[in-house]
Amino acid sequence: MSAAPPVFLGSEVVEKHLHRASLLIPSLEAALANFSSGAEGGVVQPMRTVVPVQKYSGFLGVMPAYSAKDDALTTKLVTFYEHKKDSSVPSHQAIVLLFDPRNGSLKAVMDGSVITAKRTAAVSAIATKFLMPADSEVLCILGAGVQAYSHYEVFTEQFSFKEVRIWNRTKENAVKFARSVKGPPVQVCSSAQDAVTGADVIITVTMATTPILFGEWIKPGAHINAVGASRPDWRELNDEVMKNSVLYVDSREAALNESGDVILSRGWQLKTLWQQNSFMIPGQLVTKTKSLQY
């Protein structure tokens, strides 16, 4: 008897079940703690394999993982391109495959773009909960793409900021963002410096390959969620930001091999997420690859 065909869950179905990124927070906190516990945590997650598509300035990432505690076997396939001419195509597209760990059969194929956007924003929110200044009032978002929307959604739900600012290289996209989001009003800034100055929490969600965030702009004690610069030769943060920050990462191996901000700068202090598998120690936490306390 042949196995049942895999279930397909498109973006609308995934969105229906994950209508708020905050729904992922409890599971992600547990998953991050398990991953940081090493063999005891039961998570096998090798560093992702990235295949460059040089002809079209793109990349294909392959990200397998197995969690013994959840008995879950999955792989995410993600492509990321900087579409300079065709802005209608998302820069990141993904699919998630769910397997039956008992026999390896494919159980489900899920749209991964929604999952990626909400998962990344939720982990940034977890990091921010532990690392941001207690009296934070000003949130700054650099970038106006998919991740900007998902971060705005979960951050304005989980925290009470008195002011939200946004900057984007293409101002029209920042204006569109400010007009379309539902929640606290967003101030569009004419420069990244204007957006960052005085901000307590800063989120960088760009496809920048050279720094857009400079240390002399940053308020002492500010918390930074650095989500972009996911390639060894890409950067969002300049040397001063890295030198004057304490850097928290979920995966030391990934940070040292994939993050251009880490690889190309010097003088940073590195701590690993949940080193003691405990929430009792403040700051054992991070975003996709890095989070910083300035």
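Residues numbered from 1 in each chain as written. Predicted model: local features only at pLDDT ≥ 70, side-chain atom pairs only at ≥ 80, totals over all residues. Heavy atoms only, no water.

As for the pairing of strand 4 (residues 58-67)
Here is step 1 of the chain: Here strand 2 (residues 43-44) runs beside strand 4; their pairing, made up of two bridges, is antiparallel. The residue bridging Val-44 from the neighbouring strand is Tyr-66, located in strand 4.
Here is step 2 of the chain: As paired elements, strand 3 (residues 49-53) and strand 4 share five bridges and run antiparallel to each other. Residue pairing across strands places Val-53 opposite Gly-58, the latter belonging to strand 4.
Here is step 3 of the chain: From the end of strand 3 to the start of strand 4, which pair antiparallel, there are four residues, and Ser-57 there has a positive phi angle of about 55 degrees. (Pairing = 2+ DSSP bridges. Helix = DSSP H or I, 4+ residues; strand = E, 2+ residues; numbered from the N terminus.)

Remarks on the environment of Gly-112
Here is step 1 of the chain: Looking at the secondary structure, you find Gly-112 in helix 3 (residues 112-131).
Here is step 2 of the chain: For Gly-112 and Gly-10, which are 102 residues apart along the polypeptide, the C-alpha to C-alpha distance reads 8.8 Å.
Here is step 3 of the chain: In this structure, Gly-112 is in contact with Ala-94, Ile-95 and Val-96, ignoring residues within four places of it in sequence. (Contact = heavy atoms within 4.5 Å.)

Notes on the side chain of His-151
Here is step 1 of the chain: In this structure, His-151 sits in helix 4 (residues 146-158).
Here is step 2 of the chain: His-151 gets classed as buried once you look at its relative accessible area, which sits at 0%.
Here is step 3 of the chain: The contacts of His-151, once residues within four sequence positions are left out, are Thr-120, Ala-121, Ser-124, Ile-203, Val-205 and Val-227. (Buried < 20%, exposed > 50% of the residue type's maximum accessible area, 1.4 Å probe, protein only.)

With respect to the nonpolar core
Soluble globular proteins: nonpolar side chains tend toward being buried together.
Here is step 1 of the chain: In terms of nonpolar packing, the biggest core is built from 36 residues, with Leu-139, Ile-141, Phe-155 and Phe-177 touching the most fellow members.
Here is step 2 of the chain: Where this core is concerned, the elements lending two or more residues are helix 2 (25-36), helix 3, strand 8 (138-142), helix 4, strand 9 (163-167), helix 5 (171-180), strand 11 (201-204) and strand 13 (246-249).
Here is step 3 of the chain: The element best represented in this core is helix 3, accounting for eight residues.
Here is step 4 of the chain: If we skip the residues at most four places from it in the chain, Leu-139 touches Phe-155, Phe-161, Glu-163, Val-164, Arg-165, Val-201 and Ile-203.
Here is step 5 of the chain: Ala-208, Ile-212, Ala-226 and Val-241 belong to the second largest nonpolar core, which has 25 residues in total. (Core = buried A, V, L, I, M, F, W, Y, C linked by side-chain atoms within 4.5 Å.)

Here we look at the pattern of salt bridges
Here is step 1 of the chain: Scanning all chains against the criterion turns up 11 salt bridges.
Here is step 2 of the chain: Put simply, Glu-258 and Arg-48 hold a salt bridge, and the shortest N to O gap is 2.9 Å. With Glu-258 in helix 8 (residues 252-258) and Arg-48 in the loop between strand 2 and strand 3, this pair connects stretches of sequence that are 210 residues apart. In terms of burial, Glu-258 and Arg-48 fall into one category: buried.
Here is step 3 of the chain: The partner of Lys-118 in a salt bridge is Glu-153, and the shortest N-O contact between them spans 3.7 Å. Here Glu-153 lies in helix 4 and Lys-118 lies in helix 3, a separation of 35 residues in the sequence. (Salt bridge = Lys/Arg side-chain N within 4 Å of Asp/Glu carboxyl O.)

With respect to the packing of helix 4 against helix 5
Here is step 1 of the chain: Running from amino to carboxyl end, helix 4 crosses helix 5 at an angle of 30 degrees, the nearest separation of the two axes being 11 Å. The angle between the axes of helix 4 and helix 5 places the two elements in the roughly parallel class. Handedness of the crossing formed by helix 4 with helix 5: right-handed. Residues Ala-148, Tyr-149 and Tyr-152 of helix 4 touch helix 5, and the partners they reach there are Lys-176, Phe-177 and Ser-180. (Axes fitted to C-alpha atoms, helices over the stretch in contact; angles between N-to-C directions. Parallel < 35°, antiparallel > 145°, perpendicular 65-115°, else oblique. Left-handed = near helix turned anticlockwise from the far one by under 90°.)

Here we look at unusual backbone geometry
Here is step 1 of the chain: Its identity as a non-glycine residue notwithstanding, Ser-57 has a phi of 55 degrees, on the positive side.
Here is step 2 of the chain: Note that Ser-57 resides in the loop between strand 3 and strand 4.
Here is step 3 of the chain: Taking relative accessible area as the criterion, Ser-57 reaches 51% and is therefore assigned exposed.
Here is step 4 of the chain: At Asp-71, a position not held by glycine, the phi torsion is positive, near 50 degrees.
Here is step 5 of the chain: Considering the arrangement of structural elements, one finds Asp-71 in the loop between strand 4 and strand 5 (72-81).
Here is step 6 of the chain: Judged by relative accessible area, Asp-71 falls into the partly exposed class, the value being 40%.

Geometric values such as these leave the question of function open.
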